[in-house]
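# Breakdown of the fold
In case you want the letters, here they are:
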Amino acid sequence: MASTVLLGITGCIAAYKAAEIVRGLQKAGLRVKVVMTEHATHFVDPLTFRSLTHEPVAVGLFDDPSDPIHHISLADEADAFLIAPCTANVIAKIAHGIADDLLTTTALACTAPLLIAPAMNVHMYEASATQDNLSLLKSRGVAFVDADEGYLACGYTGKGRLAAVDEIIAATLTLLGESRSGNNDNDACSLRDLTGLSVLVTAGPTQEPIDAVRFLSNYSSGKMGYALAGAACARGASVTLVSGPVSLTPPSGVDVVPVQTGMEMLEACQKFFSRADIAVFSAAVADARPAVAFERKLKKGVAEDAAALSEIKLVPNPDILATLAANKDPRQTVVGFAAETDDLLDNARRKLQCKHADVIVANLVGAGKAFGKDTNQATLVSATEEHILPDMSKVQLAHRIFDFVLQIRN
Ligand code: PMT
């Protein structure tokens, strides 16, 4: 049975965005019930949400004569309670246990995980009282999708704008995943929106042999690629994972093709690319390989071997992504990555074009970033859109990438 998200809507102009949130949650396969404060109804009529959810919209504590303890039944039905937008006033009330209307009474009675997306004027956001209340709630384990900075409806510019709808939806899905599995993994994924699609993922580093015991490689652990393969599989895709040498257990249900070198990765991808609807190239392929790979071990003590070791000649490896994407057909969506230490977005935009990709996932690397980590901060770049994402687990990022791919394909 679909999980139920109780969506609380409070009185601010961003209340109109709650309609998009409802649609997004429904598209993710969730049941949505709405509870509004009386103030919120001045911004959007409850009828909007009743029409979208096909469920009664709860506003007043005593509105439903058939259910005298409405706040308890609403609280009990919720698998997650999302309040978006949430005003400074409601944040303050929840922080201090004030329950003087249906929404705040339900919040007090609700044992499901709570996610708050604040929205308010910048000065209200920065006020010490609000900041203290936010800290208090965070310390109690309440999850937040923090407000964005930008131009606010009140005419000010600063922090206080409701976070992007897709960010709020992703955070809700994460919260539901965490509350059901305790582990934020794909087991709890209620989406099957990749059913019927074939997904090709490349992952990990490549190793380019120098001799029998040495190779050129990089720090890729494969975590990003394995997260992508696992997420695609959890969402119903049939997945082929072409993986360089890593020490990870492949996600179950995924077909793994192990490779060592960039040339082997190209060859494996060539076999599967034509049948892929979506191809995601997250592998850190070595850009070059030794021109000669000695079958024996080169010995430092042997002059000829020492010379060969100190002057390793390199030849470029083929660019797997660019080679395959150059011949993609319109049915296919190709996602590449850009791993950069500087000029991230400029390089990502350039790679989008020159590698014929539909999406580039731009991430900063070096100085302890991305490689080998469980989390990553990325920007999704397409020809028309750029989405800066917050730092998140690689599993969450994988889901955000597939959300974006589906948005482009639709
Ligand atoms: O594996 P993890 O430890 O989890 O780390 C994740 C990651 C940092 C490896 C990942 O997030 C990432 O950034 N992957 C791309 C690494 C990379 O090689 O980036 P690039 O900017 O050099 O290459 C751009 C794109 O071309 C990539 O999609 C890459 O897969 C592809 N490429 C590059 C060279 C090549 N010869 N063939 C390719 O297909």
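Let me sum up the structure you'll find in this document. (Residues numbered from 1 in each chain as written. Predicted model: local features only at pLDDT ≥ 70, side-chain atom pairs only at ≥ 80, totals over all residues. Heavy atoms only, no water.)

## Considerations on a nonpolar patch on the surface
Convention followed: Residues qualify for a patch when their relative accessible area is over 30% and they have no salt bridge, like charges being joined within 9 Å and the nonpolar side chains of Val, Leu, Ile, Met, Phe, Trp and Tyr within 5 Å. Only the protein chains shown count as covering a residue, and every accessible area follows the Shrake-Rupley method with a 1.4 Å probe. A pairing counts as a salt bridge when a side-chain nitrogen of Lys or Arg comes within 4 Å of a carboxyl oxygen of Asp or Glu. Helix and strand definitions here come from DSSP, where helices need a minimum of 4 consecutive H or I residues and strands a minimum of 2 consecutive E residues; each element is numbered from the N-terminal end.
Taken together, the side chains of Ile-13, Tyr-16 and Phe-43 make up a nonpolar region of the molecular surface, amounting to roughly 320 Å² of accessible area. Along the chain, Ile-13 turns up in the loop between strand E1 (4-9) and helix H1 (18-27).

## Re the packing of helix H10 (residues 223-234) against helix H15 (residues 394-409)
Packed helices, taken two at a time, are described by the angle between their axes plus the distance between the axes. Under the convention used in this document: Here an axis means a line fitted to C-alpha atoms, over the contact stretch when the element is a helix, while the angle between two N-to-C directions is reported on a 0 to 180 degree scale. Here roughly perpendicular refers to angles of 65 to 115 degrees, roughly parallel to angles under 35, roughly antiparallel to angles over 145, and oblique to all remaining angles. Throughout, a crossing is termed right-handed when the near helix is turned clockwise from the far one, and left-handed when it is turned anticlockwise from it by less than a right angle. Only heavy atoms matter for contacts: two residues are in contact if any of them lie within 4.5 Å across the pair.
Two numbers describe how H10 lies on H15: the axes approach to 8 Å, and their chain directions differ by 55°. Comparing their axes, H15 and H10 come out oblique. By crossing handedness, the relation of H10 to H15 is classed as right-handed. Note on element contacts: H15 touches H10 through Lys-394, Val-395, Leu-397, Ala-398, His-399, Ile-401 and Phe-402, opposite Lys-223, Met-224, Ala-227, Leu-228, Ala-231 and Ala-232.

## Digging into the pattern of salt bridges
For side chains of opposite charge, pairing can occur when their charged atoms come near one another. Rules: Throughout this description, buried means an accessible area under 20% of the type-specific maximum (1.4 Å probe, protein chains only), exposed means over 50%, and partly exposed covers the range between.
On inspection of all chains with the given rule, the structure shows 19 salt bridges. Across the salt bridge formed by Glu-77 and Arg-31, the nearest N and O atoms sit 2.8 Å from each other. A residue pair is termed long-range when its members are at least 10 positions apart, and Glu-77 in helix H4 (residues 70-77) and Arg-31 in strand E2 (residues 31-36) qualify at 46 residues. Glu-77 sits in the partly exposed class, given a relative accessible area of 31%. The class for Arg-31 is partly exposed, based on a relative accessible area of 27%. Between Lys-33 and Glu-77 there is a salt bridge, with the nearest N and O atoms lying 3.6 Å from each other. Linking Lys-33 in strand E2 with Glu-77 in helix H4, this pair joins segments that are 44 residues apart in sequence.

## What to know about the sheet that holds strand E12 (residues 255-258)
We apply this condition: Note on pairing: DSSP must find at least two bridges between two strands before they are called paired.
Sheet architecture is open: eight strands sit in the order E12-E11-E8-E13-E16-E17-E19-E20, paired in mixed fashion. The outermost strands of the open sheet, each flanked by one partner alone, are E12 and strand E20 (386-388). Going across the sheet, the axis of each strand differs from the next one's by a mean of 15°, ignoring polarity. Looking at chain direction, strand E11 (residues 238-243) and E12 are connected through four bridges and run parallel. The residue of E12 that forms the bridge with Val-242 is Val-257. Relative to the sheet, helix H14 (residues 344-354) contacts strand E16 (333-340), strand E17 (359-364), strand E19 (378-381) and E20, its axis offset from that of E17 by approximately 150°.

## Things to note about the site of the ligand
Short version of the rule: Nearness here has a simple test: a residue counts as near a molecule or strand if at least one of its heavy atoms is within 4 Å of that partner. Any pair of nitrogen or oxygen atoms within 3.5 Å is treated as a polar contact; in protein, a donor-acceptor pairing is required on top of that, and neighbouring residues in sequence qualify only through side-chain atoms on both sides. Note on residue categories: nonpolar means Ala, Val, Leu, Ile, Met, Phe, Trp, Tyr, Cys or Pro, charged means Asp, Glu, Lys or Arg, and polar means any other residue, Gly included.
The immediate surroundings of the ligand are formed by 28 residues, with Ser-221, Phe-281, Ala-283, Lys-351 and Asn-363 found nearest. At 3.1 Å, a backbone N or O of Ile-320 approaches a nitrogen atom of the ligand. The side chain of Lys-351 places a nitrogen or oxygen atom 2.5 Å from an oxygen atom of the ligand. About the coverage of the ligand: the protein hides 95% of its 770 Å² of free accessible area. Among the secondary structure elements, those contributing two or more residues to the shell around the ligand are H10, helix H13 (320-325) and E16. Residue composition of the shell around the ligand, by class: 13 nonpolar, eight polar and seven charged.

## Points about the pairing of strand E3 (residues 80-86)
One face of the sheet, then the other: side chains in a regular strand alternate in exactly this way. Of all seven residues that make up E3, seven are buried, and the element is covered over most of its length. In the sheet, E1 pairs with E3 via four bridges, with the strands oriented parallel. Note on E3: the bridge partner recorded for Gly-8 is Ile-83. In terms of strand pairing, E3 meets strand E4 (residues 114-118) through four bridges, oriented parallel. Note that in E4 the partner of Leu-82 across the bridge is Leu-115.

## Regarding the layout of surface pockets
A probe matching the size of a water molecule, rolled over the atoms, marks out where space remains unfilled. The test is simple: Of the two site types, the cavity is a set of points on a 1 Å grid over the protein atoms alone where a 1.4 Å probe fits but cannot get out, and the pocket is an open set with protein on both sides within 12 Å along at least five of seven lines, each lined by residues with an atom within 4 Å of a point. Grid points are joined across faces, edges and corners, and a volume is the space filled by probe spheres set on the points.
Its volume calculated, the largest pocket comes out at about 720 Å³. If you go around the largest pocket, you meet 34 residues; those closest to its centre are Ser-282, Ala-283, Ala-284, Val-285 and Ala-339. Contributing elements (two or more residues each) for the lining of the largest pocket: H10, H13 and E16. Looking at the lining of the largest pocket residue by residue, the class counts come to 16 nonpolar, 12 polar and six charged.

## Re the sheet that holds E3
What the five strands build is an open sheet, ordered E2-E1-E3-E4-E5; its pairing is parallel. Only two strands of the sheet have a single neighbouring strand rather than two, namely E2 and strand E5 (143-144). With six bridges connecting them, E1 and E2 associate as parallel partners. Across the sheet, Gly-8 pairs through a bridge with Val-35, a residue of E2. Contacts between helix H3 (residues 46-53) and the sheet are confined to E1 and E2, with E2 contributing the most and set at about 165° to the helix.

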